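Commentary on secondary and tertiary structure
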Amino acid sequence: MTTNLQQDIIILAVESSCDDTAAAVLYNGKILANEVASQQIHELYGGIVPELASRAHQQNILPVVIMALQKAGVDKKELSAIAFTKGPGLIGSLMVGCSFAKSMAQALNVPLIGVNHMQAHVMAHFIDPPFPAFPFLCLTVSGGHTQIVKMSDYFKGEIIGKTIDDAAGEAFDKAAKMLGLPYPGGPLIDKYAQSGNPKAFLFPVPQIPDLDFSFSGLKTSFLYFIQKQVGLNPNFINENLADLCASIQFTIIKHLIKKIVLAAQKTGIKHIALAGGVSANSALRKAIQEEGIKNGWQTYIPAFEYCTDNAAMIAITAFYKYQNFDFEEMNTAPFAR
Ligand code: KG4
Ligand code: ZN
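What comes next concerns the included structure. This is a predicted model, so every value here is computed, not measured.

1. Here's the deal with the site of ligand 1
- With respect to spatial proximity, 18 residues lie near ligand 1, and among them Gly143, Asp173, Asp190, Gly277 and Asp309 are the closest.
- Within the backbone of Gly144, an N or O atom sits 3.4 Å from an oxygen atom of ligand 1.
- Side-chain polar atom of Asn281 to a nitrogen atom of ligand 1: 3.0 Å apart, as the coordinates give it.
- Look at ligand 1: alone it shows 550 Å² of surface, and the protein chains cover 89% of it.
- Listed by contribution, the elements that provide at least two residues to the shell around ligand 1 are helix H3 (117-123), helix H4 (168-178) and helix H5 (186-193).
- When the residues that make up the shell around ligand 1 are grouped by side-chain class, the tally is five nonpolar, ten polar and three charged.
- When residues are assigned to domains, the shell around ligand 1 turns out to be shared by domain 1 (10-122 + 308-323) and domain 2 (130-301), each giving three or more.

Listed below in structure tokens is the structure:
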């Protein structure tokens with residue numbers, strides 16, 4: 001695709017949908033810089049405080065953009081377009097990125113490109129080869145969403161399954177909170193689980209029809225179990241942390257894998273991709289690869305830096321949009337959901 005370009009396409013992308021302020025620079029489909037400033041402040045509150053997130057974006061966005069341009073060796077006058085995350089996400093956070101992108105596009109007199117965050121998680125698969133062949137199924141698992149998307153083309157995606165309550169990342173984070181771990185707990189559960197026994201404690205795998213997901217029942221049964229055990233032994237969590245992490249992780253992954261297997265059976269599609277923050281989970285990455293070998297799938301898992309929120313995925317989506325002349329009006333506004 002990049003070899004047929006009539007002109008160089010250089011895109012600056014910003015992502016500010018949640019608690020990471022990110023900027024990336026793309027040159028003809030290649031990522032030259034991918035910078036992220038994570039916000040530590042939310043750890044103090046055990047979850048994201050939207051007002052604090054917007055303020056931190058406001059402080060971080062310019063330094064992160066300058067850093068990305070410097071690392072890429074690109075001058076702002078060379079940019080072909082400015083891309084930003086239009087939604088879904090926290091509205092105050094999105095507005096920082098949107099306003100920044102608008103001002104920059106206006107000042108440089110270049111097009112503005114709005115990108116859907118969930119679409120970008122899927123499009124992260126087109127940053128580095130091997131690129132998935134169409135049609136493919138993408139299990140997109142993040143802190144706010146859990147979906148199975150059937151992708152027939154770059155911008156033709158159909159959600160064929162989704163969570164009816166919590167997202168997979170939320171299930172990880174809430175379980176971690178019950179164990180007294182700081183936010184975001186997903187990566188910590190992953191870490192502690194590595195030395196635990198996934199079958200030490202059995203939790204019910206959610207039973208829900210078709211290709212949908214549900215995590216709220218599992219969350220409740222985990223909470224009741226912990227409360228009961230701590231009532232019997234106040235040191236229960238400390239003494240069993242690794243096994244608890246491994247067991248809850250095992251159950252969450254079992255539910256995810258069951259549904260993607262069912263989706264592959266129903267659609268007959270054997271190209272299976274994983275995306276979103278939870279796709280950084282080491283046990284999920286391993287499970288989908290093993291399942292792929294068992295079922296003759298071609299599996300696609302993005303590099304770690306493109307799993308959790310990043311601006312490279314916004315840049316690559318914008319690269320394809322640019323070629324379709326899919327630009328935003330200057331009076332555009334972000335959307336929360
Ligand atoms: O895609 P993402 O960075 O932000 C959203 O769009 O929501 O996903 C964040 C989610 C959080 O819930 C975080 O705990 C989870 O991804 N996560 C993980 C891991 N790394 C990030 N969950 C389990 N294991 C991990 N290694
Ligand atoms: Zn995300």
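2. Quick word on H5
- Among all positions of H5, only Gly186, Ile189, Asp190 and Ala193 are buried. Projection of H5 onto a plane perpendicular to its axis shows the buried side chains occupying an angular sector of 100°, all on one side. Away from the buried face of H5 by more than 90 degrees, exposed residues Pro187 and Lys191 are located.
- Those residues of H5 that are buried lie in contact with H4, helix H7 (236-267) and helix H8 (282-295).

3. Thoughts on the packing of aromatic side chains
- Counted by the stated rule, this structure contains 16 aromatic pairs.
- On the numbers, 6.2 Å between centres and 55° between planes, the contact of Phe126 with Phe136 is tilted. With Phe126 in the loop between H3 and strand E6 (136-141) and Phe136 in strand E6, this pair connects stretches of sequence that are ten residues apart.
- Phe126 sits in the buried class, given a relative accessible area of 2%.
- Its relative accessible area of 0% is what places Phe136 among the buried residues.
- An angle of 80° between the planes, with centres 5.5 Å apart, marks the rings of Phe319 and Tyr320 as edge-to-face.
- You can call Tyr320 buried: its relative accessible area is 7%.
- Among the aromatic residues, those joined into a cluster by ring pairs are Phe126, Phe131, Phe134, Phe136, Tyr154, Phe319 and Tyr320.
- Across the ring face of Tyr192, the terminal group of Lys191 is positioned such that the distance to the ring centre comes to 5.2 Å.

4. Regarding the nonpolar core
- Among the nonpolar cores identified, the biggest contains 44 residues, and Leu139, Leu179 and Leu256 are the most heavily contacted of them.
- Considering every element that reaches this core, the biggest residue donor is H7, with 15 residues.
- Setting aside its immediate chain neighbours within four residues, Leu256 contacts Leu139, Val141, Thr146, Ala168, Phe213, Phe215 and Leu284.
- In terms of nonpolar packing, the next biggest core, distinct from the first, is built from 34 residues, Ile9, Ile113, Val149 and Ala275 among them.

Procedures and definitions
- Every chain is numbered on its own, with residues counted from 1 as its sequence reads.
- Each chain takes a letter, starting from A, and each ligand takes a number, starting from 1, following the order in which they are written.
- The predicted origin of the model limits local features to residues at a pLDDT of at least 70 and limits the giving and counting of side-chain atom pairs to 80 or more, whereas totals for whole chains, interfaces and linings rest on all residues.
- Only heavy atoms go into the side-chain values, all of them from the structure, while hydrogens and water stay out.
- We call a residue near a molecule or strand whenever a single non-hydrogen atom of that residue lies within 4 Å of it.
- Polar contacts, as counted here, are pairs of nitrogen or oxygen atoms within 3.5 Å of one another; within protein the pair requires one atom able to donate a hydrogen and one able to accept it, and residues that are adjacent in sequence qualify only if both atoms are side-chain atoms.
- Accessible surface area values rest on a Shrake-Rupley calculation with a 1.4 Å probe, where residue burial reflects the displayed protein chains alone.
- Secondary structure elements are defined from DSSP: runs of H or I of at least 4 residues count as helices, runs of E of at least 2 residues count as strands, and each element is numbered from the N terminus.
- Three residue categories are used. Nonpolar comprises Ala, Val, Leu, Ile, Met, Phe, Trp, Tyr, Cys and Pro, charged comprises Asp, Glu, Lys and Arg, and polar comprises the others, including Gly.
- Residue ranges for the domains trace back to a domain assignment, done automatically or taken from a database.
- Relative accessibility decides the category of a residue: with a 1.4 Å probe and only protein chains considered, values under 20% of the type maximum give buried, values over 50% give exposed, and everything between is partly exposed.
- Arc definition: directions from the helix axis to the C-beta atoms.
- We call two residues contacting when some pair of their heavy atoms lies within 4.5 Å.
- Classification of ring pairs rests on two measures: the distance between centres of Phe, Tyr or Trp rings, Trp counted by its six-membered ring, which must be within 6.5 Å, and the angle between planes, read as stacked under 30 degrees, edge-to-face over 60 and tilted in between.
- The criterion for a charge sitting over a ring is simple: Lys NZ or Arg CZ within 6 Å of the ring centre, and within 35 degrees of the ring normal.
- Residues enter a nonpolar core if they are buried and are Ala, Val, Leu, Ile, Met, Phe, Trp, Tyr or Cys, with the set joined through side-chain atoms within 4.5 Å.

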